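# Fold and contact review
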Amino acid sequence: MSFVVPKESFNGKVLALDFGSGDKVLALGGESSLPFLSFEGQIPNRPVIAYEIQDCPPDDWPETVRNVYKEVSGDPVGWAKYCQDTLKAKAIALRLVSTHPDRGDRSAADASKIIKDVLAAINVPLIILGSNHIEKDATVLVAAAEAASGRNCIIGKAQEGNYKTIVAAALAHNHKLIAMSELDINLAKQLNILITQMGFDKEKLITDPMCSALGYGLEYTYSVMERIRLAGLAQNDATMQPPILGDVGMYVWKIKETVASETDVPDWGTLQERGIAWEAMTATAMVLAGTNLMIMRHPRAIETVGKTIDELTA
Amino acid sequence: MALTGVQIFKLLPKTNCKKCGFPTCLAFAMKLAQGGIDLSACPDVSEEAKKTLGEASAPPIRTFALGAGDSAVKMGGETVLFRHDKKFINPCALAVNLKDSLGDDGLAKMAADVAGSEIDRVGQKLRVDAISIEYASGDSAKYAAAVKLVADKAPHAALILNCRDAAAAGAAAKAVSERKPLMYCATDETAETMAAIAKENGLPLAACADGLEALSALTEKIKGLGVEDIVLDSGAKTAREIIENNTQIRRAALRKSFKPLGYPIINFVLRDDPVLEASVAAVAIAKYASIVVVSSIEKWKNLVLFTLRQNLYTDPQVPMQVEQKVYDINEPTADSPLMITTNFSLTYFIVSGEIENSKVPSRLAVMDCEGLSVLTAWAAGKFTAAKIAAFIKESGIEAQVSNKELIIPGQVAILSGALEDKLEGWKITVGPREANAIPTFLKGR
Ligand code: B12
Ligand code: SF4
């Protein structure tokens, strides 16, 4: 019996998009194979990792990752520049945490100013995220889209409860858009359909099927992502072909494994490595399941996943 | 791949003698193809047919154990490429590689680390399953002594004899044969001698070749030499080689019934940087390895690898659950607080862990919600006021507590009014939303 390479050829293809401007534009997606199986299809772009920053000091981040930014995190502009210039970030994700009604309730106008300042200071592509408050995001992200006009950003997240105004703003100001639903392939599909029905180009969409941390529902995210990929490639379902987002850092850096000290849980080993490895492993699982874009926090975790992707695409 | 009825029919005596209980050989063949009946029902079937049919009905990936005794790890037997199709069956073994040149103290310490690596997570006991002892000294007496030492110090670990020198491997295999070590490995050049040692001691043998074509030829050769339990090493070292080769092996076995690759896979992911090593190990764990060998076993690294393996090997249809009952924590008395939650394993272990941390004697009523988390169960209509009230009444807990107060999760605060209506005479208290606030909450009462 002789071995024949068992290849699959798919009719479908992940849609490709780019974000950012000038010579720092980054491309996402475009692959015609399952993740990293380059022996049977094209994989033009590797997964991108964006450094997460916030519009306010990250008081709720555990020390392992908060300390990394303690000199710069008082000011989003300095934080962004630090990520770009010192950490060599290829992309940055600015989360407008303090617009949340429970976290400072900053106005949309305040958010616009911060966005403009950050954009003036960096040239790498920017992702702009709301505070995940359905009603507030509906106004904040509209202002954000306008403030970032001309910079080809990714904005998000549009959800079932607020997508209309956000989609309209992304359309008007020519940004890419994240559509987020909660761990259910049918909900993800439905939201993409609703958004494209508003005249928003599916080539500008990114699907966020909702991330979850290793040990805290990772297997649900993993399988939903794999199913989305298969639907897009094997069944050529166009509504399931946008690139996938994994919003990794925010789910990882709150669970007990990244917070509890070694004195409390001696069996779990050193807290520093444990936290970094937790973020890295969650992200590695996500790229294996099909993620094209990740938002992460710790530089060493980002570097580790970057090296793993280097190996996967070598 | 299973044979069709017509293919099976061609192998039968075609006498229609009815001894099998079917009117014709064809009818019997059709039934066999569907499964649920055994070939032995036909007394006249030829040896040749038995062999062909036996092979066709064997599982596409051979199943056998790594190691011996209670802690042996089952390998192989997988049936799908994606976990959403069906549960991945046999979680991969994690192994650490030790050089025999490490010295007695070093070896003893590492073996002890393996022996003490067990961690309880979400009710499962997880551990480093195996030790690979690498022949680095070039001294076969030293190698056998190192293997023996490690075997003694880690009595429950499976052993992998990482040694390509047939003489040294043979001596070590004899010394620990009752532990059923995996011999790693035979190459095309050493296949005969290695297979002879494996056969003599009844051990599984790893086949190591560069690429899948050479590997297929090698496993056929080894099988021809009488060794059935084979482990595959395709020579994959980089993450890309691991995902590509392992995927092709799994597909060839499952989709093409390609027998020469229908065996469990071993991947060595040794890297200097332990975080990177964990990340590459993740690729192997997710993508079909049955044995993943690392170079170090820091506690934090074990925990991430155990957790990933546990996550990916859970049943996608049935969440992990615990038994419905009222659990006593920290030796409660009649006036200790009573809390309620759902029977999703993760929820139960997080909440009970925090209650234990608080040191406050308490009771935790765990209600069967088909393994859903608090909010999911509530949204699915399984954790409702009426159902909670019925559960509390039927549990008989009322007779054991002096004050009828029930603490509910903060996430379902909305239930408190309806619950007070349905549970007459009970006071309903809304607890914190997150479990990590439970200790402060309990101590502050
Ligand atoms: C994973 C998940 C699923 C999985 C199921 C996993 C499972 N075994 O439960 C799947 C994909 C199957 C699923 C399905 C559904 N889900 Co769902 N799911 C989630 C998700 C992402 C995580 C849930 C989880 O595992 N949490 C972790 C556990 C440990 O949390 P927990 O049980 O609540 O316990 C914590 C606290 O409550 C507290 N606690 C627990 N017990 C107690 C007890 C006391 C006394 C105290 C003080 C504290 C306390 O401590 C724990 C740790 O802090 C959440 C969103 C999210 N990020 O939370 C949505 C979520 C729960 N799901 C939701 C919904 C609507 C559904 C569906 C009805 C529809 C859908 N979206 O698909 C179905 C229903 C399922 C069915 N059978 O019909 C909604 C609920 C909305 C709401 N507020 O009512 C959520 C919030 C998502 C959302 N925002 O839409 N879901
Ligand atoms: S017993 Fe065997 S030979 Fe006889 S009818 Fe059945 S299958 Fe045919």
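Refer to the preceding data block for the structure.
This report concerns the structure included in the present document. Here the structure is a predicted model, which means the values were calculated and not measured. (Residues numbered from 1 in each chain as written. Chains lettered and ligands numbered in written order. Predicted model: local features only at pLDDT ≥ 70, side-chain atom pairs only at ≥ 80, totals over all residues. Heavy atoms only, no water.)

## Overview of the sheet that holds strand 15 (residues 362-367) of chain B
All names here are of chain B. Here is the rule: Should DSSP find at least two bridges between two strands, the strands are regarded as paired. Elements are defined by DSSP. Helices are runs of H or I of four residues or more, strands are runs of E of two residues or more, and each kind is numbered from the N terminus. Each axis is a line fitted through C-alpha atoms, taken for helices only over the stretch in contact, and angles between the N-to-C directions span 0 to 180 degrees. A contact between two residues is defined here by any heavy atoms of the two lying within 4.5 Å.
Judged by pairing direction, the sheet is mixed, and its five strands sit side by side in the order 13-15-14-16-17 without closing on themselves. Among the strands making up the open sheet, the edge pair consists of strand 13 (325-329) and strand 17 (427-430). Strand-to-strand twist of the sheet, defined as the mean angle between neighbouring strand axes without regard to direction, takes the value 30°. Summarising the sheet, strand 16 (residues 405-408) and strand 17 pair through four bridges and their orientation is parallel. Looking at strand 17, one finds that L406 is bridged to I428. Helix-sheet contacts for helix 12 (residues 345-358) involve strand 13, strand 14 (338-342) and strand 15, and the interaxial angle to strand 15 is about 175°. Across the sheet, helix 14 (residues 385-395) lies against strand 13, strand 14, strand 15 and strand 16, angled at about 120° from strand 15, the strand it touches most.

## Re helix 8 (residues 212-224) of chain B
All names here are of chain B. Rules: Each helix should span, by expectation, one fewer than its residue count multiplied by 1.5 Å. Partly exposed residues are those whose accessible area sits between 20% and 50% of the maximum for their type, while under 20% is buried and over 50% is exposed, using a 1.4 Å probe and protein chains only. The arc in question is traced by the directions running from the helix axis to the C-beta atoms.
A rise of 1.5 Å per residue sets the reference length of helix 8, with its 13 residues, at 18 Å; its end C-alpha atoms lie 18 Å apart and thus fit the reference within 8%. Within the span of helix 8, buried status applies to L212, L215, S216, L218, T219 and I222. Angular distribution of buried residues about the axis of helix 8 spans 165°; they occupy a single face of the element. In this structure, helix 8 carries E213 and G224 as exposed residues pointing more than 90 degrees from its buried face. Where helix 8 is buried, its residues touch strand 8 (182-186), helix 7 (191-201), strand 9 (205-208), strand 10 (230-233) and helix 9 (239-255). G226 lies just past helix 8 and shows a positive phi near 100°.

## Comments concerning the site of ligand 1
This is how it is decided: Residues are labelled near a given molecule or strand when at least one of their non-hydrogen atoms is within 4 Å of it. We define a polar contact as two N or O atoms separated by no more than 3.5 Å, with the added condition that, inside protein, one atom must be a possible hydrogen donor and the other a possible acceptor, whereas residues neighbouring each other in sequence contribute only through side-chain atom pairs. Residues are grouped as follows: nonpolar covers Ala, Val, Leu, Ile, Met, Phe, Trp, Tyr, Cys and Pro; charged covers Asp, Glu, Lys and Arg; every other residue, Gly included, is treated as polar.
Among the 33 residues in the neighbourhood of ligand 1, the closest are listed as E182 of chain A together with T341, S373, W378 and E434 of chain B. Per-site note: the chains with residues close to ligand 1 are chains A and B. The contact in question runs from an oxygen atom of ligand 1 to an N or O atom on the backbone of A435 of chain B, over 3.0 Å. For the shell around ligand 1, the secondary-structure elements that each account for two or more residues are strand 14, helix 12, helix 13 (374-379) and strand 16 of chain B. Ranked by residue count, the leading element in the shell around ligand 1 is helix 13 of chain B, at five residues. The residue makeup of the shell around ligand 1, split by class, is 22 nonpolar, seven polar and four charged.

These values are about where atoms sit, not about what they do.
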